[in-house]
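# Working through the structure, step by step
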Amino acid sequence: MSVYTVVEENQLVAFLEDYDVGTLDSFEGISAGIENTNYFVNTIKHGHLEQFVLTIFEHHTFEELPYFLNIMAFMAEHNIPTAHPIPTHSNGYLKELCGKPAALVERLTGSTVDNPSVTQCGVMGGQLARFHIAGQHYEGVRANDRDIDWMQNTFADIQSYLEEDERQMIESELAFQAQTDWSALPKSVIHADLFCDNAMFNGDALTGIIDLYYACNAPMLYDLAVMVNDWCRVHADNPAEIEFDQQRLDEMLSAYQTQRSLTEAEQAAWPAALRLAALRFFLSRLKDKHIPREGEITQIKDPNVFKRVLQLHQ
Ligand SMILES: Nc1ncnc2c1ncn2[C@@H]1O[C@H](COP(=O)(O)OP(=O)(O)OP(=O)(O)O)[C@@H](O)[C@H]1O
Ligand SMILES: N[C@@H](CCO)C(=O)O
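Definitions and limits used
Residues numbered from 1 in each chain as written. Chains lettered and ligands numbered in written order. Predicted model: local features only at pLDDT ≥ 70, side-chain atom pairs only at ≥ 80, totals over all residues. UniProt positions renumbered as here; feature names shortened; annotations may be inferred. Pairing = 2+ DSSP bridges. Helix = DSSP H or I, 4+ residues; strand = E, 2+ residues; numbered from the N terminus. Expected span 1.5 Å × (residues − 1). Buried ≥ 20, exposed ≤ 12 C-beta atoms within 10 Å, placed from the backbone. Near = placed C-beta within 6 Å. Nonpolar A, V, L, I, M, F, W, Y, C, P; charged D, E, K, R; others polar. Domains from an automatic or database assignment. Contact = placed C-beta atoms within 7 Å.

As annotated in an unreviewed UniProt entry, the chain carries the name Homoserine kinase and comes from Thiomicrorhabdus immobilis. Word for word, the UniProt comment on the chain under Pathway (unreviewed entry) is "Amino-acid biosynthesis; L-threonine biosynthesis; L-threonine from L-aspartate: step 4/5."

Before going further, it helps to spend a moment on the pairing of strand β9 (residues 205–209). Where strand β8 (residues 199–202) meets β9, 4 bridges bridge the pair, whose relative direction is antiparallel. Bridging from a neighbouring strand, F201 pairs with L206 of β9. Hairpin connection between β8 and β9: a loop of 2 residues separates the two successive antiparallel strands, and G203 in this loop has a positive phi of roughly 60°.

This next bit is on helix α6 (residues 220–231). Spanning 12 residues, α6 covers 17 Å between terminal C-alpha atoms, matching the ideal 16 Å at 1.5 Å per step. With 12 of 12 residues buried, α6 is to be regarded as a mostly interior element. All of the buried residues along α6 are M220, L221, Y222, D223, L224, A225, V226, M227, V228, N229, D230 and W231.

The next point concerns the site of ligand 1. Neighbouring residues of ligand 1: 20 residues in total, closest A32, G33, N36, A83 and D211. By residue class, the composition of the shell around ligand 1 is 9 nonpolar, 6 polar and 5 charged. Three or more residues apiece are contributed to the shell around ligand 1 by two domains, here domain 1 (9–107) and domain 2 (112–313).

Ordered in space as β6-β8-β9, the 3 strands form an open sheet in which the pairing is antiparallel. Either end of the sheet is taken by a strand with one partner, and the two such strands are β6 (111–112) and β9.

Let's shift gears to the domain arrangement of the chain. On domain assignment, one finds that the chain holds domain 1 (9–107) and domain 2 (112–313). Across the contact, 16 residues belong to domain 1 and 19 residues belong to domain 2. Among the residues making up the side of domain 1 that touches domain 2, the classes are represented as 11 nonpolar, 4 polar and 1 charged.

On to unusual backbone geometry, then. A positive phi angle is found at A192, which is not glycine, with a value near 75°. For A192, the position within the fold is in the loop between β7 (187–190) and β8. Of the residues examined, A192 has 20 C-beta atoms within 10 Å and is grouped as buried. Even without being glycine, D211 reaches a positive phi, approximately 60°. By the secondary structure assignment, D211 is in the loop between β9 and β10 (216–219). The exposure class of D211 is buried, given the 22 C-beta atoms found within 10 Å.

This is how it looks when you write it as structure tokens:
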């Protein structure tokens, strides 16, 4: 399970003293997720149970985290469902726990999605457009650290581990992407990792978008492509069976455009955006597989899913 940092009860009790959340009732490590350590934390305040998620950040620095935590608060305050971080007594959202940056956020109800419905795809399309529109007024700025330069460098790091067909496929895709001009595409704050396991639903109601720790300022079209590549395809165990589902795709794109129409430049760039989004996750999954980071990663995600998605788009 993905609990890289083990927290003792006395450490958590001391940590919570800086929040207005009552006293610790119970806590439990969360097995899902591969990037950070997460715990469910329950407290009792004025006789009532309150529920939170504690995240201990395993890879981010103290300096870069306010950008993400402030987006979560900003979006929640603009009625876009996200888990609002809980302020400390000094009003920041970030603290230190076990020598690492940590934050307490609101625990959302519902659960993440395994096989999205057409309706859920429509909800996500509309909410992502609202997220992008609101994001244009967000003051913080951060570059995408999973951009084309990262892709080229990652390919250089892993190419000796790859099968010949994988190597050729990535090389030709990188060459194709190097010719695409992204400068004409409108930008905003983007989530950049809005997969089905990063949205919580109660039935067809979205309770919140989570895991905003790849957010950055980048073309909105790319964000839509990342989401389409996960939500609008069949989630088959065998990657060879993956196909796109036209109904889900139509619903997501039309719901997005109900809120925000795509520009002509965006429409022209759509096929390239789908390919770029597939390449990004094909590469990150290959890297996690061949050069795993230190720690207890037990949930390596299958790179062949994005090999297949990229093939379908190519
Ligand atoms: N605010 C929240 N409310 C309820 N549950 C949450 C919340 N945040 C996270 N979770 C639960 O914790 C699990 C892991 O969280 P998350 O996906 O953010 O993991 P991660 O390791 O930080 O990121 P990644 O998915 O990139 O590996 C989620 O699948 C969800 O079940
Ligand atoms: N969403 C990513 C993992 C976390 O960034 C993937 O499925 O590969």
